[in-house]
Amino acid sequence: MDFDTLRAIKDESERISALYKIFNEDTRLNYSKSAKVEFFTTVSYVEKYLKHGSRIIDVGAGAGEYSIYFAKQGYTVTAVELVENNVRTFKEKLTSDLDIDLRQGNACDLSDFDDCSFDVVLLLGPLYHISNPDERKKCIDEARRVCKKDGVIFFAYISNDMVILTETFLYNLDYLKSGDYDKETFVVDNFPFVFFTVSKARNEIIQNEIILLHEIAVDGVSELLAEKINQLDDDSFNQYLKYHFYCCEKPEMLGMSNHLLFVGHK
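Calculation notes
- Think of each chain on its own: its residues are numbered from 1, step by step along the sequence as written.
- Local features in this predicted model are restricted to residues of pLDDT 70 or higher, and side-chain atom pairs are both shown and tallied only at a pLDDT of 80 or more, whereas totals for entire chains, interfaces and linings draw on every residue.
- Remark: hydrogens and water are excluded; side-chain values derive from all non-hydrogen atoms of the structure.
- By convention, a stacked pair of Phe, Tyr or Trp rings (six-membered ring in the case of Trp) has centres within 6.5 Å and planes under 30 degrees apart, an edge-to-face pair has planes over 60 apart, and any other such pair is tilted.
- By definition, any uninterrupted DSSP run of H or I lasting at least four residues is a helix, any uninterrupted run of E lasting at least two residues is a strand, and each is numbered from the N terminus.
- For every residue, the accessible area obtained with a 1.4 Å probe (protein chains only) is divided by the maximum for its type, and the residue is called buried under 20%, exposed over 50%, and partly exposed between those limits.
- Note on geometry: a ring has a charge over it if NZ (lysine) or CZ (arginine) is within 6 Å of the ring centre and within 35 degrees of the ring normal.
- Between the N-to-C directions of two axes lies an angle of 0 to 180 degrees, each axis being a line fitted to C-alpha atoms and, for a helix, fitted only over the stretch in contact.
- Reported orientations rely on four angle classes, namely roughly parallel under 35 degrees, roughly antiparallel over 145, roughly perpendicular from 65 to 115, and oblique for the rest.
- Left-handed is the label given to a crossing in which the near helix is rotated counterclockwise from the far helix by less than a right angle, and right-handed is the label when the rotation is clockwise.
- We call two residues in contact when some of their heavy atoms are within 4.5 Å.
- Polarity classes work like this: nonpolar for Ala, Val, Leu, Ile, Met, Phe, Trp, Tyr, Cys and Pro, charged for Asp, Glu, Lys and Arg, and polar for all others, with Gly in that last group.
- In this description, strands pair whenever DSSP reports at least two bridges between them.

Draft legend 1. Fine view of the packing of aromatic side chains. Evaluated as defined, the whole model comprises 13 aromatic pairs. Ring geometry for Phe39 against Tyr66: centres 5.0 Å apart, planes inclined by 25°, an arrangement best described as stacked. Taken together, the positions of Phe39 in helix H3 (residues 33-47) and Tyr66 in helix H4 (residues 65-72) put the pair 27 residues apart, joining distant regions of the chain. The pair Phe39 / Tyr66 is uniform in exposure class, with both members buried. Between Tyr157 and Phe262 the ring centres are 5.7 Å apart and the planes differ by 85°, which places this aromatic pair in the edge-to-face class. Pair noted here: Tyr157 is in strand S5 (residues 147-159) and Phe262 is in strand S8 (residues 259-265), with a separation of 105 residues, a long-range link. Residue Tyr157 is classed as buried on the basis of its relative accessible area, which comes to 1%. By way of ring pairs, the aromatic residues Phe39, Phe40, Tyr66, Tyr69 and Phe70 are connected into one cluster. For Lys48, the ring lying beneath its charged end belongs to Tyr45, and the centroid distance is 5.1 Å.

Below you can see the structure in the form of structure tokens.
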């Protein structure tokens, strides 16, 4: 399947499922040093809010990278994933020692779960797939609903502003001239993902009655500089991670990241 065929699919759920016949979600977070930065950063922030007996719901769980990690740490995890291919891959990884309830479902409808059921809600993918504002609100409202009153919600976005750089300097040097973005406003077309500036993402969360705790440049320049980062020896890479953690919440660094992570409570 190519992007032209993908663009022609009108139903958003069908288009998301088709997208993951092009992108391999199973290896996205673990295939190299640079790819692991997003995973390590997300995990470190989630772990700040976990306590003994915490219940986690991973909404848009992909192929299970986060769910399996936290289940291996002894937490009870519920995983909800829309895409059949991802669910199939996830199931192949499940073992009897993992306390994971995996379900195929939609992030906009968590009606299988009671109000205030989970200590931690992970929304690490759905918001960069849902273009309709009303559906996005449903998604965030459902995350709020199932989160406990003292729980924490994690929201991931793809940064509009960094995409222009990575598309140009990693994939297509003509992108600045011919890329699918407005050449005056620099707003990137919402295909194949939905892109947000830092301020737009922040405003969406606040408008949906979330109190923000952290705003994080979760992978920073790791995609843009992937080739160089992957050449680092282990000691240098560990120091790079320390540097990344040192600056990933600095306001002046937020837009320079392919993925943004917001942490908040209701």
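Past the structure itself, the notes keep going.
Draft legend 2. Focus on the packing of H3 against helix H11 (residues 234-247). Packing of H3 against H11 brings their axes to within 11 Å, and their N-to-C directions diverge by 45°. Accordingly, the angle class assigned to the pair H3 and H11 is oblique. Crossing angle aside, the handedness with which H3 passes H11 is right-handed. In contact with Lys33, Val37, Phe40, Thr41 and Ser44 of H3, H11 contributes Asp234, Phe237, Tyr240, Leu241, His244 and Phe245. Each residue belonging to the contact of H3 with H11 can be placed in one class, and the counts come to 6 nonpolar, 3 polar and 2 charged.

Draft legend 3. Just the pairing of strand S3 (residues 100-104), in detail. Pairing geometry for strand S2 (residues 76-81) and S3, over 5 bridges, is parallel. Bridging across to S3, Glu81 finds its partner in Gln104.

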